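Listed here are the chains, written in short residue letters.
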Amino acid sequence: MKALTIRQPWAGAIVHQDKRVENRTWKLPARHHGARILIHAGAQLDKNAKIHGPHFGDYAAIIGVATITGCHWSDDGSCCDPWGFEKTYHWTLNDIAALPKPVTARGALGFWTPPADVLDAILAQWKAAAL
């Protein structure tokens, strides 16, 4: 299973709020359309983020799972209000579930495969919580 690193507070907003779009400068590769992915909260905060609500303190950890259900370009971002950015690809996410306990992991750019021990820890939670 692949993981995608997303800076906080965006990763937390996906897993714990109603953010159902991930803004990217690059188009979703076709092979990942419909894929179930791990949501990894990056080690750094996006200092430009201006969102309201709780602060999610999990960094450098896999915090949830989601399915990528689509990708489209947006010039003005209005199609995915309030989360869509302008002049970006919007990757749509569904079937989102938080892990009961974040699993510490080092992230990477793009899609990446977590090490076996991290996947084992996620799988144990997945089975217990039926994610």
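Above this note sits the structure.
1. Observations concerning the pairing of strand 2 (residues 21-24)
Point 1. Side chains Val-21 and Asn-23 of strand 2 all project onto a buried face; the interleaved residues Glu-22 and Arg-24 project onto the opposite face, where all are buried too.
Point 2. By the bridge criterion, four bridges tie strand 2 to strand 5 (residues 88-104) in an arrangement that is antiparallel. Paired with Arg-24 across the bridge in strand 5 is Tyr-89.

2. Thoughts on the packing of aromatic side chains
Point 1. One pass over the structure, following the stated rule, counts six aromatic pairs.
Point 2. Relative to Phe-85, the ring of Trp-10 has its centre 5.7 Å away and its plane inclined at 80°; by these criteria the two rings are edge-to-face. In this pair, Trp-10 is assigned in helix 1 (residues 10-16) and Phe-85 in the loop between strand 4 (61-74) and strand 5, connecting sequence segments 75 residues apart.
Point 3. Here Trp-10 falls in the buried class, since its relative accessible area comes to 11%.
Point 4. Ring-pair connections join several aromatic residues into one group, and the members of that group are Trp-10, Trp-83 and Phe-85.
Point 5. Over the aromatic face of Trp-91 sits the side chain of Arg-24, whose NZ or CZ is 5.6 Å from the ring centroid.

3. Brief notes about the sheet that holds strand 5
Point 1. Reading across the sheet, the six strands line up as 2-5-4-3-1-6 and stay open at both edges, with mixed pairing between neighbours. Both edges of this open sheet fall to strand 2 and strand 6 (111-112), since each of them pairs with a single strand only.
Point 2. Across eleven bridges, the pairing between strand 4 and strand 5 is antiparallel. For His-72, the partnering residue across the bridge sits in strand 5 and is His-90.
Point 3. Relative to strand 5, helix 2 (residues 116-129) is tilted by about 85°, and along the sheet it contacts strand 3 (36-45), strand 4 and strand 5.

The rules behind each value
Along each chain, residues carry numbers from 1 onward, in the same order as the chain's sequence is written. Note on the predicted model: pLDDT of at least 70 is required for a residue's local features to be given, and 80 or more for side-chain atom pairs to be given and counted; whole-chain, interface and lining totals, by contrast, use all residues. The basis for every side-chain value is the complete set of heavy atoms in the structure, and neither hydrogens nor water enter the calculation. Think of it in three bands: residues with accessible area under 20% of the maximum for their type are buried, residues over 50% are exposed, and the middle band is partly exposed, with areas taken using a 1.4 Å probe on protein chains only. Where helices and strands are cited, they refer to DSSP runs of H or I of at least four residues and of E of at least two residues respectively, numbered from the N terminus. In this description, strands pair whenever DSSP reports at least two bridges between them. Any two of the Phe, Tyr and Trp rings considered here, Trp counted by its six-membered ring, make a pair once their centres fall within 6.5 Å; the pair's planes then place it as stacked at under 30 degrees, edge-to-face at over 60, or tilted in between. Any Lys NZ or Arg CZ that is within 6 Å of a ring centre and within 35 degrees of that ring's normal is treated as a charge sitting over the ring. The contact definition used throughout considers only heavy atoms, calling two residues in contact when any of these lie within 4.5 Å. For helices, the fitted axis covers only the stretch in contact; all axes are lines through C-alpha atoms, and the angles between them, taken along N-to-C directions, range from 0 to 180 degrees.

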